[in-house]
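Chain residues, written in single-letter form:
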Amino acid sequence: MPAKEVSSKSEVIHSQDTNSTLLKEVSTKRIDSNIIYPVEIPPHLRSKKPLKRINIVDVLDKQISNDVETQSNKQDINSNETVDNDLSKSLEEIVQLSESEYIPKKLVKPKTALQFYSTWRSLRNESEQGQFLALIPPKDFISLFKHSLESDVFSSMIQVMESQFLTNAELKNHVPDILLGLSQVQRMSVLLMFLGKEEKQSLDNIISSIKDVCDPLKMKKLVACFI
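Residue numbers here run from 1 along each chain, matching the order of that chain's written sequence. For this predicted model, a pLDDT threshold of at least 70 governs which residues receive local features, and a threshold of 80 or more governs which side-chain atom pairs are given and counted, while totals over whole chains, interfaces and linings are taken from all residues. Excluded from the side-chain calculations are hydrogens and water; all other atoms, namely the structure's heavy atoms, are used.

*Asks:* Tell me about the overall build of the protein chain, and please be specific about residues and values.
*Replies:* Segments assigned H or I by DSSP are reported as helices when at least four residues long, segments assigned E as strands when at least two residues long, and all are numbered from the N terminus. Scanning the protein chain from terminus to terminus reveals 11 helices and zero strands. Buried residues in the protein chain amount to 25% of all 227 residues. Counted over contacts in the protein chain with a minimum sequence separation of 6, partners at least 24 positions apart contribute 69%. Working note: accessible area of the protein chain is about 17,000 Å², and carbon and sulfur atoms make up 55% of it. A simple rule labels every residue: compare its accessible area, found with a 1.4 Å probe on the protein chains alone, to the largest value its type can have, and call it buried under 20%, exposed over 50%, or partly exposed in between. Should any heavy atoms of two residues lie within 4.5 Å, those residues are considered in contact. Here the Shrake-Rupley method, with its probe set to 1.4 Å, supplies the accessible areas, and only the displayed protein chains count as covering residues.

Given below as structure tokens:
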């Protein structure tokens, strides 16, 4: 037998023995499915077929690509316009529903400044704020606010008294006591300093309008504090 043929058979037998040994080792061990185990193949047993080259052809030319992009942009614009229109209609429906089904909040006298601020800022208009302000006895302002009356709230209280109390004969009678109660709140002089021009004019208008319902002693105190 030629030496070359004997050598080839020996390599095959060696390869088979090696693979058998490897398979036995793998079978006796715990196989991890995430591991790829090597298999030894002699060079003369490997595939001799050449690798194939795959040519990729771009079938879309520049004009077709531009047309597709333009069409896509048009669809996006139309889609965005549709979404905006739907959103606008939905918001209008929500506002209309909110206004039609609005139930006035049940007003109660606040026990703390925090309760007052929370309720005051939740009210929808000056009419409701006027009703809420009328619930508070003027003598309670000093204990309710102490030194915590905020300037923006004080400004809105002035506007409410001017728009709601002066136009109502019954409520107008309470304005002197309300102002007198507010004058006892600490740091009132600082709050008056930060009033805007419109708020100062409103306050002057209130003082002038209540002269007919305020006794001279109270009026003197109010003028000394607010004018």
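Structure shown, so let's carry the discussion forward.
*Asks:* So what about the environment of G196? Which residues, and what values?
*Replies:* Positionally, G196 belongs in the loop between α9 (188-193) and α10 (197-209). Residue classification places G196 among the partly exposed positions, given a relative accessible area of 27%. When the C-alpha atoms of G196 and S155 are compared, they prove to be 8.4 Å apart, with 41 residues separating the residues in sequence.

*Asks:* Outline the pattern of salt bridges, supporting the account with residue identities and numerical values.
*Replies:* In what follows, salt bridge is the name for a side-chain nitrogen of Lys or Arg lying within 4 Å of a carboxyl oxygen of Asp or Glu. Considering all chains together, one arrives at six salt bridges under this definition. One salt bridge connects E150 with R121, and the closest N-O pair in it is separated by 2.4 Å. Pair noted here: E150 is in the loop between α5 (141-145) and α6 (151-165) and R121 is in helix α3 (residues 113-122), with a separation of 29 residues, a long-range link. Note on R121: relative accessible area 45%, which makes it partly exposed.

*Asks:* Lay out the packing of α6 against α10 in plain terms, naming residues and giving numbers.
*Replies:* Angles run from 0 to 180 degrees between N-to-C directions of axes, and those axes are lines fitted to C-alpha atoms, restricted for helices to the stretch in contact. Here α6 crosses α10 at 45°, and the two axes come no closer than 9 Å. By the angle between their directions, the pair α6 and α10 is classed as oblique. Crossing hand, α6 versus α10: left-handed. Taking contact as the criterion, the partners of S155, I158, Q159, M161 and E162 in α6 are, on α10, E199, S202, L203, N205 and I206. Under this scheme an angle from 65 to 115 degrees is roughly perpendicular, one under 35 degrees roughly parallel, and one over 145 degrees roughly antiparallel; angles in between are oblique. Handedness of a crossing follows from how the near helix is turned relative to the far one, being left-handed for an anticlockwise turn of less than a right angle and right-handed for a clockwise one.

*Asks:* Could you give an account of the environment of M157, with specific residues and numbers?
*Replies:* Take M157: it is sitting in helix α6. Between the C-alpha atoms of M157 and E126, which are 31 residues apart in sequence, the distance is 9.0 Å. Leaving out residues up to four positions away in the same chain, M157 has contacts with F116, W120, L133, F141, L149 and L182.

*Asks:* Which residues make up the packing of helix α4 (residues 126-134) against α6, and what values go with them?
*Replies:* Direction vectors running N to C along α4 and α6 enclose 100°, while the axes themselves pass 9 Å from each other. In terms of orientation, α4 and α6 fall into the roughly perpendicular class. Contact with α4, carried on its side by E126, S127, Q129, G130, L133 and A134, involves M157, Q159, V160, M161, S163, Q164 and F165 of α6 and no other residues of that element. Only Asp, Glu, Lys and Arg are considered charged in this grouping, and only Ala, Val, Leu, Ile, Met, Phe, Trp, Tyr, Cys and Pro are considered nonpolar; every other residue, Gly among them, is considered polar. When the residues that make up the contact of α4 with α6 are grouped by side-chain class, the tally is six nonpolar, six polar and one charged.

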